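So you can see what is in the structure, the chains are spelled out below.
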Amino acid sequence: MLKVVGVRFKPVDRIYYFDPRDYKIKLHEYVLAESWRGLERGQVVQGISYYAEDELPLPLKPILRLSGPEDEKVISKNKAQAKRDLKVCQEIARAHKLPMKFVGAEYLFDRSRLMFYFTAEGRIDFRELLRSLAGSLRTRIELRQISAREEAKILGGLGPCGRVFCCHSFLSEFNIVSIKTARDQGIFFNPVKTTGLCGRLMCCLKYEEDLYESSVSTTENLMFIKK
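Residues numbered from 1 in each chain as written. Predicted model: local features only at pLDDT ≥ 70, side-chain atom pairs only at ≥ 80, totals over all residues. Heavy atoms only, no water.

Examining the overall build of the protein
Threshold: Helix and strand definitions here come from DSSP, where helices need a minimum of 4 consecutive H or I residues and strands a minimum of 2 consecutive E residues; each element is numbered from the N-terminal end. Summary of the burial criterion: residues with accessible area below 20% of their type's maximum are buried, those above 50% are exposed, and those between are partly exposed, where the area comes from a 1.4 Å probe applied to protein chains only. In what follows, a contact means two residues having at least one pair of non-hydrogen atoms within 4.5 Å. A 1.4 Å probe and the Shrake-Rupley method give the accessible areas. Residues count as covered only by the protein chains that appear here. Residues scored as charged are limited to Lys and Arg (positive) and Asp and Glu (negative), so that His and the chain ends carry no count. For the purpose of locating charges, the reference atoms are NZ of Lys, CZ of Arg, CG of Asp and CD of Glu.
When you go through the protein residue by residue, the secondary structure sums to seven helices and eight strands. For the C-alpha atoms alone, the extent of the protein along its principal axes is close to 75 × 55 × 30 Å. Looking at the protein as a whole, 37% of its 227 residues are labelled buried. Long-range contacts, defined as pairs at least 24 residues apart, comprise 61% of the intrachain contacts of the protein with a sequence gap of at least 6. By element, 55% of the accessible surface of the protein is carried by carbon and sulfur atoms, the whole surface being about 14600 Å². Taken together, the 38 basic and 29 acidic charged side chains of the protein have centroids lying 6 Å from each other.

Below, the structure is given as structure tokens:
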């Protein structure tokens, strides 16, 4: 059996599993670990648990150390610097006349990489922009094009129901919502009720899909019996 802890690196993100080593890690504590992106600080959202080896992808990376108050200062400085660098990036992109809408920027904990998130219509050739940014900011740069749904997840906002976007508040992964889902619920021809502010079918249409499918199936069976 493997001894693991579950860590989230962002408030609404998937859970990654790590080897806690000999640390006495408590739920909701912050730790430093090597994610797929690099060194990051994350929060323990699943305490020490045990899994069979075939239940998790191996090998497991270890928790590097517990996070302390001094790390909070590092996070704050990184956020402030990323905000300033985002303005630099926007200016350089305008100089290159690139039709890019920048949504956000973030540094890894050790500032080994700076990531910019943007949306755009179609693919963008940003090689020249990348070279200009690397020369200006003197760090490793990553430009990542995201979808309209991912933009909504990052920025947040209020949906038609008056609540914060599901993707921004608790959904760690996007549901696949099809036109059939809306049609089965009888609201396919009402865009106000089916489209989120991201311009895509609303994630909440998926929540009652099983109920509607069950209802349709029951109705069809009753009609068959009557015949």
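Re the pairing of strand E6 (residues 101–107)
Test applied: Pairing between two strands is assigned when DSSP locates at least 2 bridges connecting them.
Of all the seven residues making up E6, five are buried; the element is thus mostly covered by neighbouring parts of the structure. Where E6 meets strand E7 (residues 114–119), six bridges bridge the pair, whose relative direction is antiparallel. Bridging across to E7, glycine 104 finds its partner in tyrosine 117. From the end of E6 to the start of E7, which pair antiparallel, there are six residues, and arginine 111 there has a positive phi angle of about 60°.

Regarding the sheet that holds strand E8 (residues 141–145)
This is how it is decided: Only the stretch in contact is used when fitting a helix axis, every axis being a line fitted to C-alpha atoms; angles between N-to-C directions are given from 0 to 180 degrees.
Spatial ordering of the open sheet is given by E6-E7-E8, a layout of three strands whose pairing is mixed. Bordering the open sheet on either side are E6 and E8, each of which pairs with just one other strand. Taking each pair of neighbouring strands and ignoring which way they run, the sheet shows an average axis angle of 20°. Against the sheet, helix H1 (residues 69–95) engages E6 and E7, with an angle of about 145° to E6. Those strands touched by helix H3 (residues 148–155) are E6 and E7, and its axis lies near 55° from that of E6.

Concerning the side chain of threonine 119
Within the fold, threonine 119 resides in strand E7. Residue threonine 119 is classed as buried on the basis of its relative accessible area of 13%. Setting aside chain neighbours within four positions, we find threonine 119 in contact with Pro99, Met100, Lys101, Val103, Ile146, Ser147 and Glu151.

Topic: the sheet that holds strand E3 (residues 30–34)
The antiparallel open sheet is built from five strands, whose spatial order is E2-E1-E4-E3-E5. Edge positions in the open sheet fall to strand E2 (16–18) and strand E5 (63–66), since each of these has one partner strand only. Neighbour-to-neighbour, the strand axes of the sheet open up by a mean angle of 45°, direction not taken into account.

Remarks on H1
To be explicit about the condition: Expected span of a helix, by definition, is 1.5 Å for each gap between consecutive residues, and there is one gap fewer than residues.
Compared with an ideal rise of 1.5 Å per residue, which puts 27 residues at 39 Å, H1 spans 40 Å between its outermost C-alpha atoms and is within 8% of the ideal. For H1, the full list of buried residues reads Asp71, Ile75, Asn78, Gln81, Ala82, Asp85, Leu86, Cys89, Ile92 and Ala93. The secondary structure elements touched by the buried residues of H1 are E3, strand E4 (39–51), E5, E6, E7 and helix H2 (127–137). Positive backbone phi, approximately 55°, marks lysine 97, located one or two places after H1.

Details of the pattern of salt bridges
Basically, it comes down to this: Just to be clear on terms, a salt bridge is a Lys or Arg side-chain nitrogen sitting within 4 Å of an Asp or Glu carboxyl oxygen.
As enumerated under the stated definition, the model contains ten salt bridges in all. One connected set of salt bridges, linked through shared partners, spans Lys10, Arg37, Glu40 and Glu106.

Some remarks on unusual backbone geometry
Cis geometry marks the peptide bond from leucine 58 to proline 59, where omega comes out at 0°. Structurally, the position occupied by proline 59 is in the loop between E4 and E5. Phi at histidine 28 is positive, roughly 80°, even though this residue is not glycine. Along the chain, the position of histidine 28 falls in the loop between E2 and E3. Its identity is not glycine, yet arginine 111 carries a phi of approximately 60°, on the positive side. Assignment of secondary structure puts arginine 111 in the loop between E6 and E7.

Focus on the layout of surface pockets
Here is the rule we go by: We place a 1 Å grid over just the protein atoms. Points where a 1.4 Å probe fits but has no way out form a cavity, open points with protein on both sides within 12 Å along at least 5 of 7 lines form a pocket, and any residue with an atom within 4 Å of a point lines it. Grid points are joined across faces, edges and corners, and a volume is the space filled by probe spheres set on the points.
Its volume calculated, the largest pocket comes out at about 1500 Å³. Around the largest pocket sit 40 residues that line it, and Phe9, Lys10, Pro11, Arg37 and Glu106 are the ones nearest its centre. The set of elements that each furnish at least two residues to the lining of the largest pocket consists of E4, H1, E6, E8 and H3. With six residues, the top contributor of residues to the lining of the largest pocket is H1.

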